[in-house]
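Per-entry structural report
Chain residues, written in single-letter form:
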Amino acid sequence: MTDEAPATGRTRFADSPVVPRLGAALGAALTGACGLLGLTVLVLMAGHGSVLPIDRAAHTWSMHHRPGALVTVAGVVTATGTGVFPYAAAMAAGLIAGRDIRRRLGFALGALVFLLLGQALRYGLMEAIGRSRPPVGDWATHASGFAFPSGHATTSTLMAGLLVAAIGHRARGSGAGGIAAVLLGCWAVAVGLSRILLGVHWATDVVAGWLFAACWLGLGAALIRTARPGHPG
């Protein structure tokens, strides 16, 4: 005999990382998908080698407004959006979200798989579109592969979303979740902007990365909600 009450759907859901309501999640996914589709159509209509006016304007501005010190800072910021760091951060998000070792390991694995699947889809889209980067002579850092959508912008936004969900879950009832959302959101934006400043991406590449990430995060959140139909959404 035990005094512990049986777990209800609501209490089980409290053990999972906090996610937006179903309507908000689907709204983010739809907004990201529609925006990404629109940009993709524009890029494809422009044709191979053509540059959209907004991209040319942003690229020209960045070429004339990047002193050495700013390039150094941008290089440091951009380095945080690639390599092992995003994957370590995704796993850290899972470890933060879980309240015991089993849940922590499960959430860490889930976050890592979520990030890897998103990267695979982005890479497939990038290869299918095959958009060229800005001229190599304008680059202030190393880059490889096609341009659209930006891998750094996508990865940093996905990582920020996972960390915000994890911190918001653990800090529920305090202001830490909101602070984390602002700081991590600003960091993800800075990573994306650094790619434009360093001359390795067009502005629409970066915006496409943000939109792709918004769509993928929204789909992930919606999946969690619909997998638990008994919970308020």
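**Looking at the packing of aromatic side chains**
Two aromatic rings, taken as a pair, are described by how far apart their centres are and by the angle between their planes. One pass over the full model with this rule turns up one aromatic pair. Between F114 and W216, the ring centres sit 5.5 Å apart and the planes meet at 20 degrees, which makes this aromatic pair stacked. Residue F114 is found in helix 6 (residues 101-129), and its partner W216 is found in helix 9 (residues 203-226); the two are separated by 102 residues along the sequence. Exposure remark for F114: the relative accessible area of 16% places this residue in the buried category.

**Topic: a nonpolar patch on the surface**
A cluster of nonpolar residues, L37, V41 and M45, forms a patch on the protein surface that exposes about 330 Å² of accessible area. Examined against the element boundaries, V41 turns out to sit in helix 2 (residues 22-46).

**What to know about the nonpolar core**
Counting residues in each nonpolar core, the largest one holds 29 residues, and the members touching the most others are L36, F148, L158, L162, L163 and W187. Where this core is concerned, the elements lending two or more residues are helix 2, helix 5 (85-97), helix 6, helix 7 (151-170), helix 8 (176-197) and helix 9. Top contributing element to this core by residue count: helix 7, with six residues. Ignoring anything within four residues of it in the chain, the contact list for L163 reads A89, A93 and L184.

**Observations regarding helix 6**
Spanning 29 residues, helix 6 covers 42 Å between terminal C-alpha atoms, matching the ideal 42 Å at 1.5 Å per step. Buried residues of helix 6: R103, A108, A111, L112, F114, L115, G118, Q119, R122, M126 and I129, and no others. Next to the buried residues of helix 6 lie helix 2, helix 5, helix 7 and helix 9. Regarding helix 6, its N-cap is D100, as a side-chain oxygen of that residue lies 3.2 Å from the backbone nitrogen of R102 further along. Immediately downstream of helix 6, the backbone of G130 shows phi near 65 degrees, a positive value.

**Concerning the layout of surface pockets**
Volume-wise, the second largest pocket comes out at about 300 Å³. Lining the second largest pocket are 21 residues, with T82, R122, S144, G151 and H152 sitting closest to its centre. At the level of secondary structure, the elements contributing two or more residues to the lining of the second largest pocket comprise helix 5, helix 6 and helix 7. Ranked by residues supplied to the lining of the second largest pocket, first place goes to helix 6 with four residues. Looking at the lining of the second largest pocket residue by residue, the class counts come to seven nonpolar, eleven polar and three charged.

**Some remarks on the packing of helix 7 against helix 8**
It is the contact of helix 7 with helix 8, at a shortest axis distance of 9 Å, that shows an interaxial angle of 175 degrees. Taken together, the axis directions place helix 7 and helix 8 in an arrangement best described as roughly antiparallel. Packed against helix 7, whose contacting residues are H152, A153, S156, T157, M159, A160, L163, V164, I167 and G168, the element helix 8 presents A176, G177, A180, A181, L184, W187, A188, V191, G192 and R195 at the interface. Residue composition of the contact of helix 7 with helix 8, by class: 13 nonpolar, six polar and one charged.

**Observations concerning the confidence of the model for the protein**
With 88% of its residues at a pLDDT of at least 70, the protein reaches an overall mean of 87. Across residues 1-15 the pLDDT falls below 50, and counting only partners more than four positions away or on other chains, this stretch makes 16 contacts in the model.

Each value, and the rule that gives it
Residues numbered from 1 in each chain as written. Predicted model: local features only at pLDDT ≥ 70, side-chain atom pairs only at ≥ 80, totals over all residues. Heavy atoms only, no water. Phe/Tyr/Trp six-rings, centres within 6.5 Å; stacked < 30°, edge-to-face > 60°. Helix = DSSP H or I, 4+ residues; strand = E, 2+ residues; numbered from the N terminus. Buried < 20%, exposed > 50% of the residue type's maximum accessible area, 1.4 Å probe, protein only. Patch = residues over 30% accessible without salt bridge, like charges linked within 9 Å, V, L, I, M, F, W, Y side chains within 5 Å. Areas by Shrake-Rupley, 256 points an atom, 1.4 Å probe, with all protein chains shown as cover. Salt bridge = Lys/Arg side-chain N within 4 Å of Asp/Glu carboxyl O. Core = buried A, V, L, I, M, F, W, Y, C linked by side-chain atoms within 4.5 Å. Contact = heavy atoms within 4.5 Å. Expected span 1.5 Å × (residues − 1). Polar contact = N/O pair within 3.5 Å; in protein donor to acceptor, adjacent residues only side chain to side chain. 1 Å grid on protein atoms, 1.4 Å probe; cavity = no way out; pocket = protein on both sides within 12 Å on 5 of 7 lines; lining within 4 Å. Points joined across faces, edges and corners; volume = space filled by probe spheres on them. Nonpolar A, V, L, I, M, F, W, Y, C, P; charged D, E, K, R; others polar. Axes fitted to C-alpha atoms, helices over the stretch in contact; angles between N-to-C directions. Parallel < 35°, antiparallel > 145°, perpendicular 65-115°, else oblique. pLDDT = per-residue confidence, 0-100.

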